[in-house]
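Chain and residue survey
If you want the building blocks of each chain, they are given just below.
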Amino acid sequence: MTTHEFDQAVFQKCVASIPDSALSAVRHAAAAEFGQSGFPTTRHEDWRYTNLAPAIAIQQKSLLERERGDRQLNPVDVIDIVEACWIRFDDGEFSFPLNDLPPGVTINRLADSEQASVIDVKNSLSQINAALLRDALHVTIAAGVTIDRPIGLLFAEHSESPALANHARVIISVEKDASVQILEAQLSSGGGDVYINTVTQLLLANNANVNYVRLQDCADHHVQTNRLIANIGSRAKLTHLAFDLGAQLARNDVEVALNDSDASVTLNGLYLADGAQHIDNHTRVDHAAGPSFSEELYRGILNGKSRCVFNGKAVVHEGADGTDAAQANHNLLLSDDAEVDTKPELEIYADDVKCSHGATVGQLDANALFYLRTRGLDEETAKHAITKAFAAEIVETIAPSQIHDYIQSRVDAKLDQLTAKNQ
Amino acid sequence: MPRNHMLEINNLHARIGDATILNGVTLSIGAGEVHAIMGPNGSGKSTLAQVIAGHSDYEVVDGSVSFFGEDMLQLEPEERAQRGFFLGFQYPVEIAGVNNAYLLKAALNAKRSYLGETEVDAFEFLKLAKEKMKLLDMDPSFLNRGVNEGFSGGEKKRNEILQMAVLEPNLAFLDETDSGLDIDALKSVANGVNALRSKERAIVLVTHYQRLLDYIKPDFVHVLSNGKIVRSGDYMLAEELENKGYDWLREVSTG
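As the structure is a computational prediction, the values presented were derived from the model and not from experiment.

**Some points on the confidence of the model for chain B**
- In this model, chain B carries an average pLDDT of 91, and 96% of its residues clear a pLDDT of 70 or more.
- As scored by the predictor, the complex reaches a pTM of 0.90 and an ipTM of 0.95.

As structure tokens, then:
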């Protein structure tokens, strides 16, 4: 399917049917732009390996069938396991503990504020997201505050409708000298076809510190696209850890701008895919000022006929001298039918920079596997141990915490599936 | 009827790719015995150990191996281990990120669970592991390191013997356990092996040199050449080999 099969007229009618709010101007402008651009196709260089046809099909159906059936919320384990200030998006409808926010945290609804212009509409998925928003949240962490309890962002889909597309937008401003830990969990259950398109905008003021863990473990018939746009100020630091375990099709775009001297970012990711899963991670770091620092390590384990894409780009702009940028992507293929396309990229327009990048694709070490089996571990257990060690390089970058243990348990469950004999 | 042996290797032929390495090995090993299999490089010593452990690169083309009366060649490598077979590797594999303690405990519990025994918990395991490490002059910090990860040659060999000590196998093949060891390491490895000698257990030392046999005295010595056992004897044979080398036996095998 290509973009022309998406019915723009139906889309524009839906946009028009959404009640007016402070978001209206932004929404209509975004809708007009999306009318021009449409969904990206594999003819776009950044989308060469990822065909959004399943997302487009669900979006289309969802626009035609606006009636939603009765909705029931399925239990979501992370709420009980990780103590956090949970902001929930259930099938796109948000709720948060207004009376129980940690001191220093405020949440505004953009539909009734004057801040709608902060909504980013730079690419087509952000445009359709903005066009269909009924509301969006703006979370602010006050200057100088260190938030002890993590902020949780839960995107949970429960839908039994034949097709449902949800677009959610969160803007998080971390003011100067503030520090916060964020866990984003994108989880889904329910029998219906779901397409989730989330956009998160992160603004780190000078000397702010954000530790962001993102888990995507959607049901294996669901489609998700996600875009994170982060702007990092002077001496501010973002650590972003992304875990992609689920979904039929998942595409993540992480865009980080290091706007001032001594801004730094760490991007780590782990993707585990089997069956016919398709997981695509695109990251881009712009070193707009120097010295600034980025380090990136993504690891993937693939089985079945799964396909994964890694594209990590670091751009060192003119004048960003003293920049240090390192990227690496390592992959373990457990099956002959799995495929990974990896491309670390560097663009350098400054002098005096230290940059490195590398990528590897390998198989399970047969000698290691045999060694473990001669000690009495069965093949599945031995494979699990070796793949877990490979994944641990990423999992263990989370500090000991409930978040760490939760992610570990999800990763373990997925590794069990990946190393099971019938694969 | 011959006495009931723990391991019976009969006319074993094996190859890797197109190269035939074992040309009819016949060998019986009984409980309580220590055997040494000696021979020049390329004679098939390590292949024999790997075939008995179940390495899938080797294809058995003829012959049989029975372990406590069971057809060993039909078993997966882990099933052989769970039934009490242990291979001490000539080149222990480094497995980054897999914890030594994890492996030891998982290996021990795999065997216990096969035998219908309850699994050991973390506390019991630690007590056992520390006790065995003391025997081998190993620092308990080794438990928290990756399996053989960054270990020196001597540390790897000690680690093999530690695994053997924890698993208490019925039959252990130790492949070139003495290679790359300085004299102190050799002594502590030998102490570890000697501590495991018992009338229920059999140990096979696969070695090129007689040096190890000064510390672990075998009951039987066999010489492997061109994939066949060309001579068997007692400890005196090892001394003879030390003096005369292997050439005089090579003549026998080809002549």
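After that view, the rundown keeps rolling.
**Thoughts on the sheet that holds strand β2 (residues 93-95) of chain A**
Residue and element names in this part refer to chain A.
- One open sheet holds the 10 strands; their spatial order is β2-β1-β5-β7-β9-β11-β13-β15-β17-β19, and the pairing between them is mixed. The open sheet terminates on both sides in strands that have one partner only, identified here as β2 and β19 (354-363). Within this sheet the neighbouring strands show an average axis-to-axis angle of 10°, counted without direction.
- Relative to strand β11 (residues 237-244), strand β9 (residues 209-217) is paired through eight bridges, and the arrangement is parallel. Bridge pairing in β11 places V210 opposite L238.
- Docked against the sheet, helix α7 (residues 379-395) engages β11, β13 (264-273), β15 (293-302) and β17 (324-333), running at close to 155° with respect to β15.
- Against the sheet, helix α8 (residues 402-419) makes contact with β7 (179-188), β9, β11, β13 and β15, and its axis sits at roughly 35° relative to β13, the strand it touches most.

**Comments concerning the interface of chain B and chain A**
- Taken residue by residue, the interface counts 29 residues in chain B and 17 residues in chain A.
- Contact between chain B and chain A buries roughly 1800 Å² in total, counting both sides, with carbon and sulfur atoms accounting for 67%.
- Joining chain B to chain A, the criterion identifies three salt bridges.
- Run the count over chain B and chain A and you get 10 residue pairs in polar contact (both at pLDDT 80 or more).
- Per-element accounting of the side of chain B that touches chain A gives the leading share, five residues, to helix α3 (residues 100-114) of chain B.
- Residues of the side of chain B that touches chain A, tallied by class, amount to 18 nonpolar, eight polar and three charged.

**Observations concerning helix α6 (residues 183-196) of chain B**
All names here are of chain B.
- With 14 residues, α6 extends 20 Å between its outermost C-alpha atoms, agreeing within 8% with the 20 Å of an ideal straight helix rising 1.5 Å per residue.
- Elements that come into contact with the buried residues of α6 comprise α4 (122-135), α5 (153-167), β9 (171-175) and β10 (202-207).
- In this structure D182 caps α6, since a side-chain oxygen of it lies 3.2 Å from the backbone nitrogen of D184.

**Structural notes on the nonpolar core**
- Grouped together as the largest cluster of nonpolar side chains are 120 residues, with contacts concentrated most on V78, F243 and V411 of chain A together with L7, L171 and F173 of chain B.
- Residue contributions to this core peak at eight residues, all from α7 of chain A.
- Not counting residues within four places of it along the chain, the set of residues in contact with V78 of chain A comprises W86, L154, L183, A185, L187 and Y406 of chain A.

Parameters at a glance
Residues numbered from 1 in each chain as written. Chains lettered and ligands numbered in written order. Predicted model: local features only at pLDDT ≥ 70, side-chain atom pairs only at ≥ 80, totals over all residues. Heavy atoms only, no water. pLDDT = per-residue confidence, 0-100. Pairing = 2+ DSSP bridges. Helix = DSSP H or I, 4+ residues; strand = E, 2+ residues; numbered from the N terminus. Axes fitted to C-alpha atoms, helices over the stretch in contact; angles between N-to-C directions. Contact = heavy atoms within 4.5 Å. Buried area = accessible area lost by both parts, 1.4 Å probe. Salt bridge = Lys/Arg side-chain N within 4 Å of Asp/Glu carboxyl O. Polar contact = N/O pair within 3.5 Å; in protein donor to acceptor, adjacent residues only side chain to side chain. Nonpolar A, V, L, I, M, F, W, Y, C, P; charged D, E, K, R; others polar. Expected span 1.5 Å × (residues − 1). Core = buried A, V, L, I, M, F, W, Y, C linked by side-chain atoms within 4.5 Å. Buried < 20%, exposed > 50% of the residue type's maximum accessible area, 1.4 Å probe, protein only.

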